[in-house]
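Fold and geometry: a report
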Amino acid sequence: MDKSEKIALGLSGFMLLIFFGGIMYAAIAEDIEVPTCITDMEPFATDTLFQTGPDTYELQMVARMWAFQPSEIRLPVGSTVDLYLTSQDIMHGFKIEDHNLNLMAIPGAINYMRVTFDKPGTFLFACHEFCGAAHHTMAGRVIIEERSESAETAGGV
Ligand code: CUA
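The rules behind each value
- Residues numbered from 1 in each chain as written.
- Predicted model: local features only at pLDDT ≥ 70, side-chain atom pairs only at ≥ 80, totals over all residues.
- Heavy atoms only, no water.
- Helix = DSSP H or I, 4+ residues; strand = E, 2+ residues; numbered from the N terminus.
- Rg over C-alpha atoms; globule rule 2.2 N^0.38 Å.
- Buried < 20%, exposed > 50% of the residue type's maximum accessible area, 1.4 Å probe, protein only.
- Contact = heavy atoms within 4.5 Å.
- Areas by Shrake-Rupley, 256 points an atom, 1.4 Å probe, with all protein chains shown as cover.
- Lys, Arg positive; Asp, Glu negative; His and termini not counted.
- Charge placed at Lys NZ, Arg CZ, Asp CG, Glu CD.
- Polar contact = N/O pair within 3.5 Å; in protein donor to acceptor, adjacent residues only side chain to side chain.

Helix and strand counts for the protein stand at two helices and 11 strands. Here the C-alpha radius of gyration of the protein, 20 Å, is well above what a compact globule of 157 residues would show, namely 15 Å. In terms of its C-alpha atoms, the protein occupies a principal-axis envelope of roughly 75 × 45 × 30 Å. Residues counted as buried form 32% of the 157 residues belonging to the protein. Put simply, of all contacts in the protein between residues at least 6 apart along the chain, 60% involve residues at least 24 apart. As displayed, the protein has an accessible area near 9,600 Å², and 60% of this comes from carbon and sulfur atoms. Across the protein, the mean location of the 9 positive side-chain charges is 6 Å away from that of the 21 negative side-chain charges.

Below, the structure written as structure tokens:
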């Protein structure tokens, strides 16, 4: 083998390690997940939010020109949400401020990600895929509320 070939091979191996390390870093240290396309569920036309456990919720969210349904979500701090997203018309994007969640809303398909809200506040979400004349109005918010003492007592019994 020529010396230049050995150098090229060595460099390629080194770069593969760097890229693989980058992916592992994102997955483990930064906790970045890849959205999942759900294939065993029919795309839904209406939005639903329901509780599935003490701190867990399932949210089925619908995007359409030019709004998200629901456009306002109110949950207690510490909630983990299994978020299913679909679109009723064309492609939209969905991103929640300050949270590690970024999905596409695709007509006829459902995308899924899990998100945990571990600090109180109001977090905007918006469509990030240009979808027409009123794209810029396609937004909403998640309001994460402090748990009140009475609610904690009620939940703790
Ligand atoms: Cu929907 Cu931009």
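Counting through the fold element by element, E58 comes out in strand β3 (residues 56-64). In this structure, the C-alpha to C-alpha distance between E58 and D82, residues 24 residues apart in sequence, is 4.8 Å. Here E58 is in contact with M41, T48, L49, F50, T52, D82 and Y84, once residues within four sequence places are set aside. Polar side-chain contacts of E58 include one of 3.1 Å to the side chain of Q60.

Bear in mind that shape data such as this cannot, by itself, settle questions of function.
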